[in-house]
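Analysis of the macromolecular model
Residue strings, one per chain:
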Amino acid sequence: MELSWKVALNTFAAIGIGVPIVLSFFGVPVLTRLRIIGSMATGAVVTGLWGWSTVRPTDPLGAVTLFGGEFTIFEVFNCGLLAFLSGGAAYFLCYPYGRKIAPLAGPTGLAIWGIRGGDMTSLLRVNHTLADRQALYASLRWEGFFWVLILAASYFGVLAADRLAGRKFEDVRDNNNNDNSLTNKLLSIITAIVLTILITQFSIGMLAQDVRMSDSQIGSVVGQPSVGQIAFAVAFSFGIAAFTAKKFLNVGYVYPAASAGLLTFFTLTFFAAKQDILEHMVRTWPVPFFTRATCAVLPLQMVAFAAVGSICGYWMALKYKGRKHYE
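On a predicted model such as this, the values are computed, not experimentally measured, just so you know. (Residues numbered from 1 in each chain as written. Predicted model: local features only at pLDDT ≥ 70, side-chain atom pairs only at ≥ 80, totals over all residues. Heavy atoms only, no water.)

**Some thoughts on empty space enclosed by the protein**
Under the defined criterion, the tally for this structure stands at 1 cavity of 30 Å³ or more. Roughly 70 Å³ of internal volume is contained in the largest cavity. Secondary-structure elements contributing two or more residues to the lining of the largest cavity are helix 8 (130-164), helix 12 (275-284) and strand 3 (289-290). Broken down by element, the residue count for the lining of the largest cavity peaks at 3 residues, all from helix 12. Here the lining of the largest cavity is built from residues that sort into 10 nonpolar, 1 polar and 1 charged. (1 Å grid on protein atoms, 1.4 Å probe; cavity = no way out; pocket = protein on both sides within 12 Å on 5 of 7 lines; lining within 4 Å. Points joined across faces, edges and corners; volume = space filled by probe spheres on them. Helix = DSSP H or I, 4+ residues; strand = E, 2+ residues; numbered from the N terminus. Nonpolar A, V, L, I, M, F, W, Y, C, P; charged D, E, K, R; others polar.)

Put into structure tokens, the structure is as follows:
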């Protein structure tokens, strides 16, 4: 699992070819496309590729996870440091628009880890008994918050670079909001978080599907989706949520992205780790089947792809708002 030319070439082919093609459909200017590519490439190199030796699992087919105690305090610190450095480096690479584009660096690096490692099924194969699964889910449901903190380190790297460049911090929302009461702001944020969880739970379930089979007790079960399905479903779903949060609540992408940790917590707590459901799944279904598609997504994958989707959804909302204003 050492860093190889094949992995590096595949990574940069996806960023250097796939991203410009997608952005061209939305009318993104060429220079902006280059900055976006530069930000994502920075995160892919600094965090995703250089940091792989820190997070790679002992099992070559294993998933990147905190479960099992493979991460030391030094390795946790190293993850945060690499994310911080990737955010800062991407800021200067994308200057003078680093404050808006550089936040893509952190989630891109984490996405590389989520793609290179194993999936949820690979974890369950070595933790297949009832007791093992209980311990696994008890750990995984909190893990999403850890990866959110790693993303926060990348975001702080962007803010630190912004301060170093002598520019003023900008809040991720419009400055023309006339309603500045703290209560209304908090209500908008809470509403955005709740809507994000509802939208993404439904949308991921619709998009990230393998084979679906009926079950007399819990309705149906779904097979393990591929990592490509997971990436598209999570990014697209959080993109919709962030677009909605910005357009109707004037809430920035930070809150929908951070909601990925909450989505993982609630999904695993109520649809995977619940005692009667877990006993039924262990007794009745093979390892690669889950009660919900969201239960088949690793916390790392959920957080990384959610952040990318949230940032893109926020941008789309700004673009839509600007076009409507112009019209």
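**Brief notes about the packing of helix 6 (residues 105-116) against helix 8**
When two helices pack together, their arrangement is given by the angle between their axes and by how far apart the axes lie. Running from N to C, helix 6 and helix 8 cross one another at 140°; their axes reach a closest spacing of 8 Å. When the axis of helix 6 is compared with that of helix 8, the two are oblique. When the axes of helix 6 and helix 8 are compared, the crossing they make is right-handed. Within the contact between the two elements, helix 6 uses Ala105, Gly106, Pro107, Leu110 and Trp113 and helix 8 uses Trp147, Ile150, Leu151 and Ser154. (Axes fitted to C-alpha atoms, helices over the stretch in contact; angles between N-to-C directions. Parallel < 35°, antiparallel > 145°, perpendicular 65-115°, else oblique. Left-handed = near helix turned anticlockwise from the far one by under 90°. Contact = heavy atoms within 4.5 Å.)

**Focus: the environment of tyrosine 320**
Along the chain, tyrosine 320 falls in helix 13 (residues 299-326). With a relative accessible area of 29%, tyrosine 320 lands in the partly exposed category. Between the C-alpha atom of tyrosine 320 and that of lysine 247, which follows or precedes it by 73 residues, the distance is 8.7 Å. In contact with tyrosine 320, other than residues within four places in its own chain, are Phe243 and Lys247. (Buried < 20%, exposed > 50% of the residue type's maximum accessible area, 1.4 Å probe, protein only.)

**Observations regarding the sheet that holds strand 1 (residues 212-215)**
Pairing is antiparallel in the open sheet, where 3 strands are placed in the order 1-2-3. The sheet is open, and its two edges are formed by strand 1 and strand 3, each paired on a single side. Bridge analysis of strand 2 (residues 219-223) against strand 3 gives 2 bridges, and the strand direction is antiparallel. Looking at strand 3, one finds that valine 222 is bridged to phenylalanine 290. (Pairing = 2+ DSSP bridges.)

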